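# Summary of structural features
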Amino acid sequence: MKMKAVNRMHVGYLAVLGASLVMAQAQSFIVNFDTPGDLANNFNIYQNTSPPVVNAATGSPYSQSLTGGVGGSGSVSIATPAAGITPDSTAIYKNSSFDFSTVGATVNVSAYVDVIAPTEAGNRLLHLGFANENTSGLNGNAGLAFMGFRLNPTAVGSTIFAPQWQTKTASGGTVNTSGGGNLTLTAGDWYQVSVTFQNLGAGNIQGSAFVRDFGTDGLTPGASSSISSVSLTSADIASDSSVWAAFRTFQADGAGGLDNFSASAVPEPGTTVLVGMGLGALLLARRRQSNW
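To keep things clear, this report deals only with the structure shown in the data block. (Residues numbered from 1 in each chain as written. Predicted model: local features only at pLDDT ≥ 70, side-chain atom pairs only at ≥ 80, totals over all residues. Heavy atoms only, no water.)

It is worth spelling out the packing of aromatic side chains at this point. Here a ring pair, both rings aromatic, is described through the centre-centre distance and the interplanar angle of the planes. This structure, assessed with the given rule, holds 14 aromatic pairs. Aromatic pair Phe-43 and Tyr-93: ring centres 5.7 Å apart, planes at 80 degrees, arrangement edge-to-face. Highlighted residues: Phe-43 in strand 2 (residues 43-47) and Tyr-93 in strand 6 (residues 89-93), separated in sequence by 50 residues. Residue Phe-43 is classed as buried on the basis of its relative accessible area, which comes to 2%. On the numbers, 5.8 Å between centres and 80 degrees between planes, the contact of Trp-165 with Phe-197 is edge-to-face. Taken together, the residues Trp-165 in strand 10 (residues 160-168) and Phe-197 in strand 13 (residues 190-201) connect sequence positions 32 residues apart. Of the aromatic side chains, those joined through ring pairs into one cluster are Phe-29, Phe-33, Phe-43, Tyr-62, Tyr-93, Phe-98, Phe-130, Phe-149, Trp-165, Phe-197, Phe-247 and Phe-261. (Phe/Tyr/Trp six-rings, centres within 6.5 Å; stacked < 30°, edge-to-face > 60°. Helix = DSSP H or I, 4+ residues; strand = E, 2+ residues; numbered from the N terminus. Buried < 20%, exposed > 50% of the residue type's maximum accessible area, 1.4 Å probe, protein only.)

Next comes the structure, spelled out in structure tokens:
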């Protein structure tokens, strides 16, 4: 009887632990573009034309390839600006959003970008962030609200990039904030760009980021550069219960391809405590069983 009771206790503790782990891990996704349809099925494409269009039949610079990515895997190919190609488009992950409306809420967005020498310097190597809608671009157009981080080419042919933060409210203009000193990247290498935002309350947001070299194959960890934390403001985004992860990138500004796009919500302290309680209860049950 004791053994049956202990087994029932184990089941109960495991249920608590399992639920806790699901809560801690549910708010995340990664798209590695290895499966056909990963781009089309997971993203809306906002083309910054006049007027802007979403998911137009033509004009997107983004297409999926099953080669050319990290370790030779699938990737997003980025077209060279040309007739019929819109160079300024945002891809927004459309299948899940994140609640950023509470003080302390923390979200992360990350992608790998293959760096090449820019042939222009007017757009962005890579722009990562969160938008107010899954049909919104990371642009200064009326009605759009977002928070983002981007790397801007400093000169044609140069792989020196200037880090910059951006925020915008739906009715306001885009606010640019310097991200500190320029970063010198290596042409031909893959880099992971990872960006974190934390809601500080009263419309204030803390942004931090890092850029890490992963070599020519995208699998070899190398030097990492940290972007100092900054204070940002966007009342719209900081009160939004559904923000959407997005990327914006330009082949002519140094992006040879994109891979491993991901986003996550950092578990709140209460969730972490719940996971700890589940583990602790299970260990206690095992200890009691050994003493019986």
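What follows picks up the thread again.
All right, on to unusual backbone geometry then. In this structure, the amide linkage connecting Ser-50 to the following residue, Pro-51, adopts the cis form with an omega of 0 degrees. Position of Pro-51 among the secondary structure elements: in the loop between strand 2 and strand 3 (53-54). Residues other than glycine seldom take positive phi values, yet Phe-33 does so here, at roughly 60 degrees. Tracing the backbone shows Phe-33 in the loop between strand 1 (28-31) and helix 2 (38-42). We classify Phe-33 as buried; its relative accessible area is 0%.

The next thing to look at is the pairing of strand 13. With nine of twelve residues buried, strand 13 is to be regarded as a mostly interior element. With ten bridges joining them, strand 13 and strand 14 (residues 204-213) adopt antiparallel strand pairing. The partner of Gln-198 across the bridge, within strand 14, is Gln-206. If you look at the hairpin formed by strand 13 and strand 14, you'll find two residues sitting between the two strands, and Ala-202 has a positive phi there, around 55 degrees. (Pairing = 2+ DSSP bridges.)

On to the environment of Val-211. By the secondary structure assignment, Val-211 is in strand 14. Exposure remark for Val-211: the relative accessible area of 3% places this residue in the buried category. In sequence terms Val-211 and Tyr-112 are 99 residues apart; their C-alpha atoms lie 9.5 Å from each other. Once residues within four sequence positions are removed from consideration, Val-211 is found in contact with Leu-151, Leu-183, Leu-185, Tyr-191, Gln-192, Val-193, Ala-223, Ser-224 and Ser-225. (Contact = heavy atoms within 4.5 Å.)

Okay, the pattern of salt bridges next. It is possible for side chains of opposite charge to pair when their charged atoms get near one another. Taken as a whole and judged by the stated rule, the model has one salt bridge. Between Asp-88 and Arg-248 there is a salt bridge; the shortest N-O distance is 2.9 Å. Of this pair, Asp-88 sits in the loop between strand 5 (75-78) and strand 6 while Arg-248 sits in strand 16 (residues 244-249); the two residues are 160 residues apart in sequence, bridging distant segments of the chain. Neither Asp-88 nor Arg-248 differs from the other in exposure class; each is buried. (Salt bridge = Lys/Arg side-chain N within 4 Å of Asp/Glu carboxyl O.)

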